[in-house]
Each structure stands twice: as C-alpha cells, then as structure tokens.
Amino acid sequence: MRCGSASSRRRHVRVVRFATLAIGLSGALACIPPPALAAESGDAVHTAASFVDSVGVVTHFRYADTTYGEVDALLAKVEAMGVHHVRDGLTPSPSPQLIAAFHKLPDHGLKLNLVVGSAGISDGVLPDPSALLTVAHDNGLRSVVESIETANEWDSKGGPTWLDDLRTYQCGLFDAVHTNPEWSDVPVIGPSVARRFRVPLLTGMADCQDYVNAHNYANGGPPEDYLDLIAQARANAPGKPIIVTETGYHTALNRKQNQQPVTEDVKAQYLLRTLLENYQAGVTRTYVYQLADEREDPTLTEQEAYFGLIRHDLSETPAYQAIQALQSLLADPADGGSAAPAAGVTVTATPGGVGTATGEIEHLAFTKSDGTEYVVLWQRGTLPDPAAAKTTVRLDFAKPSAAWVIDGRQVTQQPQGTSITVTGLERVKVVQVGGRVPTFTASAPRTAQPAATEKAGGRGGLLALLGALGLLLAAGGGALVAVLTRRARNSQTGMPAAPHLTEVAPTSPRRTGGDHRGPEPPAPG
C-alpha cells in the first residue's frame, strides 16, 4: 500500500478495509501517486497460511556428486524452513538416487513440481511427453507430484527452432497430462526463458497451460525493479494464474558477469522482499533458486556455487534463517483454507513529514485462524540503504492491544495501547497484534560466508573469462548481441548497478545458459 502524491500529501488520507488495525505510514519521500484501489492488493487481508503456502524452493537431487548427494540432511532443512513445495527435474532415464530422493519427499511434508523435457537433455531435441509420463508412472511418482512444468528455459538449449519446438511440445505435454487418467487432475505450468527479452515471444500456448510461468531474477538489484516480467508473462496467457518457478540471488562476490553479486545479508532481505512482492502481485507460488550451493568455490567467482540457502557444508545462510523465521511466524496449522476474517475496522495510511524514506513503504496484512494479526512491513530500494534505518511507521489500533515487533528472530514487546511506532525498514519487519508471545525454535548458529582466496582478476577470474570466450567461439561468435546499460544507484550503496538487456536482434537464438547462470553449469529443470 502506498501513500498519496506529492501534490496532495497534506490533505490526502487513504481509508480502506483491513482487519482490526489502523496504520499510519510516515515518510514524505515514500509517497507516489496512488493507483486505483482495485490494483492495491496490499489493502486486502490474507490468511497467514496462504503466504506460507506460496513459498517453494528449487532442488537438484539428480546432481548426486554435489551437495545434493546429502539428500536426508537437505530434506530435513527444507522441512525445518517451513517450506512445503520443491521443484526438481525428471530425466528420461532417472537414476535410482533421484527417484529415491523423490520418494522421501512426503516424509517431510513436501510436494513436487516436476519439470519434464529439459533435464538430462543435451542434444537440443525435446523428448516425447507421453514417454516422460510413463517414466514417472513406472517410478511411482504420481503420489508426490502436485504439478508438472514444461521444459525449463528451452531458449538456452533448443537451437534455432527452439520456439516452434517448444510450442509443439507444450501443447503435446498439456494434452498428454490431461488425457491420461492418472495425471489428468495435475496442473501444467507453462514455459520459461533464460533471456528476459524473449518473454513476449511465448505466445500461441495460452490454451496449453494451466499456470503461466516466469523467472523474475533481479540481476542483483531490488526485486521490485523486475516485477514487469510478471506482467509480461501474464500477457502471454491472459486470465491464467501465474507461478514464478525460479528467482534468486548469488553471493559469488568476485563474479561480475551475468547477474551481479550481493552480500549474504543483502541476499536475505532481497529474497524476503521478493517473496512478499510476488505474493502482493498475485503470484500463486514463488520457488527460490536454489536450496543448496552445489560445490565449494574458494575464489567466489562461480555464481552457480553461491545461489543456495544452504552452503556446501550444510551450514545455514542468513537467507535461509530469514525465510525460516517468517514461515515459522506465519505458520497456522489450524487453518483449513477458509478466507481471512471479514474486515471490521478501517485502516488509514496517512502521509507524514518526519520520515527519511528513500523508497516506497509496502505492507501486507495477514490473519491466523485464532484471530492473531500480522502486518509485514518493508521498504523498496537498493540495499544497503542507511536512510531506511530512519524510516518511521505508525500503527494505530482500534482498541488497546498487545503487540510485538519482530525483526528476523528478535522479538520486541511493545507497551499495550492503541498505537505503536516502528523505526527502521532497512530490514523486513513484522508487527504481531494479539495472540500469544511469538517464539522461535532454536536455529543453527549464524556463520559467515568464507572469504575469497583469490580476486576475480586472478586465476579464477581468468578461467571464467577463458571459458566464456570458448563458448562464444563454439557458438560462432554471434549467439546473442546485447547491450548492457547500468541503472544509476544510490552513491551510498557502493554496489554495482544491475545489468539490463537492451533488445538487439540476435544472429542466432542458441545460448548455453540463462541470465542467472554462468556458461559452465547445466541448466536446472
């Protein structure tokens, strides 16, 4: 929810239906022209359980020679994180280890979004979708699969005819699933692309998908900068719900190609904001890429080695602990899927003049089945943002209420009354109103990411450069022509701007990897 335009700050007061809270947001610079109320999904009250259910995570259990060989330990981590959905790929000839990992999912309360068509494919030819369903049947996967996703980022694998081939495959997969009695009730998720400028090309398949797909990586920048990808994907299949099957950040701080790196603390806050922004935008589910760092890279130059929520030694990153804390706080075992309680009191968002906000202040309101209410607050903008530490948000209650402010796992009880003030939105914060004192189960001790042993300009960076040049030559030197422009960033951040692709017609659609990966690793899915 946003406050009013600069021209109406002194007289504009938003009044909307919300639960039992009245919220005042202070910070003149946070105000932007108010959109239509119908577009303000943040004004609604949601069930806490619906947000918890919107979070998923990408796994790669077929990479048994990486960290993903630690199946039992990783599945326990997913369960402890409070996440109930994973995304992984089925190869035409799956290994016994992969199938065994899939069969363990129900023991941890997990359901599988099964990617079919791209995993294990190296010749650029999409397999017969009916044959893949037979493989899934023969391996007893129906009981663990909740959705089926088409070939992942096929533009990076499929050669010059990738788009036509993908359209044929997508509709063939859709028909194969929905005409097979065993799988007919399983929703089919549509295609994704590795290069964002190709999203508008994914037309002609609207009737062959139950969910639209998007990969809204933010290239190391704030997540709100890339919400347009969701709108672009929706335009390809109007009226269909949408799932983001990949999004994430890496912390290979010496890697300067592809996505820009972020620190572990920034990654934690950006991922929380991504989940919240996507939910606010109406995304049904967001799968974080990915669960575990696949390998150790002391040089911090291999970005694929540092997308994980869990490090290669199975220690927890700040991002894991941040998501775990929010999922734990909002978990509602008693929720039966009913709608949130009807709003009975008004909420006012009053533009103020005492804050120092540098980006819009956003919030989402949730309720649990026992009536406990939560307001999740965050501020848009690039991190780190010292000014955001001074942002002030006022919450006014309809009656004296017990309240707590939660920052990660730190809980601060507020004096009982009819209002409280929250200061500092450099981190996502949650206000709980009513209910029991919020508590968290003990988490693993926080550990820091190991420091790099070499700079990017050393041996690691040279190898990455040589590898990229080799791939370029193998592709004929003209795989893709792109112009990178830099978005101006706050001079206080010291962070590089996220790269943006200016669309220039490629000489050939063939690529070897997606925007979020370097040229060396296989594509997920």
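Residues numbered from 1 in each chain as written. Predicted model: local features only at pLDDT ≥ 70, side-chain atom pairs only at ≥ 80, totals over all residues. Heavy atoms only, no water.

Regarding the state of the cysteines
Link 1 in the chain: Inspection of every chain in the model, using the stated rule, returns one disulfide.
Link 2 in the chain: Between the sulfur of Cys 171 and that of Cys 208 lies a disulfide, 2.1 Å long from S to S. Disulfide Cys 171 to Cys 208: torsion about the S-S bond roughly 90°, handedness right-handed. With a gap of 37 residues between them, Cys 171 in helix α5 (residues 162–178) and Cys 208 in the loop between β8 (188–189) and β9 (212–215) connect regions that are remote in the sequence. (Disulfide = S-S within 2.5 Å. Helix = DSSP H or I, 4+ residues; strand = E, 2+ residues; numbered from the N terminus.)

Observations regarding the sheet that holds strand β6 (residues 111–116)
Link 1 in the chain: Strand order across the open sheet formed by eight strands is β8-β7-β6-β5-β4-β11-β10-β9, with parallel pairing between neighbours. Only two strands of the sheet have a single partner each, and these edge strands are β8 and β9.
Link 2 in the chain: In this structure, strand β4 (residues 55–58) lies alongside strand β5 (residues 85–90), joined through two bridges in parallel fashion. From the neighbouring strand, Val 58 faces β5, where its bridge partner is Arg 87.
Link 3 in the chain: Contacting β9 and β10 (242–247), helix α6 (residues 228–235) runs over the sheet at an angle of about 150° to β9. (Pairing = 2+ DSSP bridges. Contact = heavy atoms within 4.5 Å. Axes fitted to C-alpha atoms, helices over the stretch in contact; angles between N-to-C directions.)

Some details on the packing of aromatic side chains
Link 1 in the chain: Scanning the entire structure with this criterion turns up eight aromatic pairs.
Link 2 in the chain: The interplanar angle of 80° and the centroid separation of 6.2 Å between the aromatic rings of Tyr 217 and Phe 307 together place this pair among those described as edge-to-face. One end of the pair, Tyr 217, is in the loop between β9 and α6; the other, Phe 307, is in the loop between β11 (285–288) and α8 (318–330), and 90 residues separate them in sequence. In this pair, the class of Tyr 217 matches that of Phe 307, namely buried.
Link 3 in the chain: Here the aromatic residues Phe 51, Tyr 279 and Phe 366 are joined through ring pairs into a cluster of three or more.
Link 4 in the chain: Sitting over the face of the ring of Tyr 320, Lys 77 holds its NZ or CZ atom 5.9 Å from the ring centroid. (Phe/Tyr/Trp six-rings, centres within 6.5 Å; stacked < 30°, edge-to-face > 60°. Buried < 20%, exposed > 50% of the residue type's maximum accessible area, 1.4 Å probe, protein only. Lys NZ or Arg CZ within 6 Å of the ring centre and 35° of its normal.)

Things to note about unusual backbone geometry
Both trends apply: most residues other than glycine have a negative phi, and most peptide bonds are in trans.
Link 1 in the chain: Tyr 289 connects to Gln 290 through a cis peptide bond whose omega is 0°.
Link 2 in the chain: Its location among the elements puts Gln 290 in the loop between β11 and α8.
Link 3 in the chain: One non-glycine residue, Leu 300, lies in positive phi territory at about 55°.
Link 4 in the chain: Topologically, Leu 300 is positioned in the loop between β11 and α8.

A look at the confidence of the model for the protein chain
Link 1 in the chain: Across the protein chain, pLDDT averages 79, with 73% of residues at or above 70.
Link 2 in the chain: For the stretch residues 342–357, pLDDT sits under 50, and the model shows 58 contacts to residues farther than four places along the chain or on other chains.
Link 3 in the chain: pLDDT under 50 marks residues 455–525. Its contacts with residues more than four places away, or in other chains, come to 159 contacts. (pLDDT = per-residue confidence, 0-100.)

Describing the side chain of Asp 297
Link 1 in the chain: With respect to the helices and strands, the residue Asp 297 is situated in the loop between β11 and α8.
Link 2 in the chain: Reaching out from Asp 297, the side chain makes a polar contact with the side chain of Thr 299 at a distance of 2.6 Å.
Link 3 in the chain: There is a polar contact of 2.7 Å between the side chain of Asp 297 and the backbone nitrogen of Thr 301.
Link 4 in the chain: Apart from the residues lying within four places of it in its own chain, the contact partners of Asp 297 are Glu 302, Ala 305 and Tyr 306. (Polar contact = N/O pair within 3.5 Å; in protein donor to acceptor, adjacent residues only side chain to side chain.)

Here we look at the pattern of salt bridges
Link 1 in the chain: Counting across every chain of the model gives 19 salt bridges.
Link 2 in the chain: In this structure, Glu 149 engages Arg 87 in a salt bridge whose closest nitrogen and oxygen atoms are separated by 2.8 Å. Note that Glu 149 is positioned in strand β7 (residues 145–149) and Arg 87 in strand β5, a separation of 62 residues in sequence. For the pair Glu 149 and Arg 87, a shared accessibility class is recorded, and that class is buried.
Link 3 in the chain: A salt bridge links Glu 224 to Arg 273, with the nearest nitrogen and oxygen atoms 3.1 Å apart. Taken together, the residues Glu 224 in the loop between β9 and α6 and Arg 273 in helix α7 (residues 264–280) connect sequence positions 49 residues apart. Arg 273 matches Glu 224 in its accessibility class, with the two residues each being buried.
Link 4 in the chain: Salt bridges sharing partners connect three or more residues here, namely Asp 53, Glu 146 and Arg 285. (Salt bridge = Lys/Arg side-chain N within 4 Å of Asp/Glu carboxyl O.)

Description of empty space enclosed by the protein
Link 1 in the chain: Here the structure, examined in full by the defined rule, presents two cavities of 30 Å³ or more.
Link 2 in the chain: What lines the largest cavity is a set of 21 residues, and nearest its centre among them are Ser 192, Val 193, Val 199, Ala 214 and His 215.
Link 3 in the chain: At the level of secondary structure, the elements contributing two or more residues to the lining of the largest cavity comprise β9 and α6.
Link 4 in the chain: With four residues, β9 is the single largest residue contributor to the lining of the largest cavity.
Link 5 in the chain: Here the lining of the largest cavity is composed, by residue class, of 10 nonpolar, seven polar and four charged.
Link 6 in the chain: Reported here for the second largest cavity is a volume of approximately 40 Å³. (1 Å grid on protein atoms, 1.4 Å probe; cavity = no way out; pocket = protein on both sides within 12 Å on 5 of 7 lines; lining within 4 Å. Points joined across faces, edges and corners; volume = space filled by probe spheres on them. Nonpolar A, V, L, I, M, F, W, Y, C, P; charged D, E, K, R; others polar.)

Regarding α7
Link 1 in the chain: When the terminal C-alpha atoms of α7 are compared, their 24 Å separation across 17 residues agrees well with the 24 Å that a helix rising 1.5 Å per residue should span.
Link 2 in the chain: Counted residue by residue, α7 has 16 buried out of 17 residues, so it is predominantly covered.
Link 3 in the chain: With its phi angle positive at about 90°, Gly 282 sits one or two positions after the end of α7. (Expected span 1.5 Å × (residues − 1).)

Observations regarding the environment of Thr 418
Link 1 in the chain: You can see Thr 418 is positioned in strand β16 (residues 410–423).
Link 2 in the chain: For Thr 418, a relative accessible area of 42% puts it in the partly exposed group.
Link 3 in the chain: Along the backbone, Thr 418 and Lys 399 are 19 residues apart, and their C-alpha atoms lie at a distance of 5.5 Å.
Link 4 in the chain: Apart from the residues lying within four places of it in its own chain, the contact partners of Thr 418 are Leu 395, Asp 396, Phe 397, Lys 399 and Pro 400.

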